[in-house]
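# Coordinate analysis (summary)
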Amino acid sequence: MNEKDRIMLIMNQKQLLPSQFAEIIGIQRAAMSHITSGRNNPSLDVLKKILEKFPHISPDWLLFGTGPMNRSESTSASVNEKQEAPDLFTHVSDVPKIEEKKDPINPTEAKSPELVEAKSSLKDVYIPPIAPTKEILRIMVFYSDHTYESFGPEKK
């Protein structure tokens, strides 16, 4: 069974037409038509999009045809944990900090790092500086015959 057959199996299992499947995974209908007809093999980008939209599908099965079609419960649980990881839009105070605790007997040596909840404070919030406003003073246009024109605001 090749990649095309495995994709067709997913479409049959979900009772989707190639055009519907293409829309769900976010590719052109023509690209899906080329894959289902056997004209083109699916690209890595297409396979990644399938795995993003159908997280229960095993990557090993989709790419190589090995193992079961569906992920096991433990694998899908770890995938869900990865999706809950902080991203660029997570507030700084929501992300746990790693803080080293000092050994009370020998304070110069640190113990193993432990997760400590970050405290919400104003110093954690970054406020970018306001850029100064700019005004256009003059626009110059240079021509191929070595002449130019200069345009600027009208003087009152």
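Okay, so let's go over this structure.

### A closer look at the pattern of salt bridges
It is possible for side chains bearing opposite charge to pair when their charged atoms get close. In total, this model carries one salt bridge according to the counting rule given. A salt bridge links D45 to K49; the shortest N-O distance between them is 3.7 Å. Remark: K49 and D45 occur in helix α4 (residues 44-53); sequence separation between them is four residues, near one turn of the helix. With relative accessibility at 42%, the residue D45 sits in the partly exposed group. Its relative accessible area of 23% is what places K49 among the partly exposed residues.

### Regarding α4
Within the sequence span of α4, burial applies to V46, L47, I50 and L51. An end-on view of α4 places all buried positions within 140° of arc, on one side of the element. When the buried face of α4 is taken as reference, the exposed residues oriented beyond 90 degrees from it are L44 and E52. Tucked inside the fold, the buried residues of α4 contact α1 (3-14), α2 (18-25), α3 (29-37) and α5 (59-64).

Conventions used here
Residues numbered from 1 in each chain as written. Predicted model: local features only at pLDDT ≥ 70, side-chain atom pairs only at ≥ 80, totals over all residues. Heavy atoms only, no water. Salt bridge = Lys/Arg side-chain N within 4 Å of Asp/Glu carboxyl O. Helix = DSSP H or I, 4+ residues; strand = E, 2+ residues; numbered from the N terminus. Buried < 20%, exposed > 50% of the residue type's maximum accessible area, 1.4 Å probe, protein only. Arc of directions from axis to C-beta. Contact = heavy atoms within 4.5 Å.

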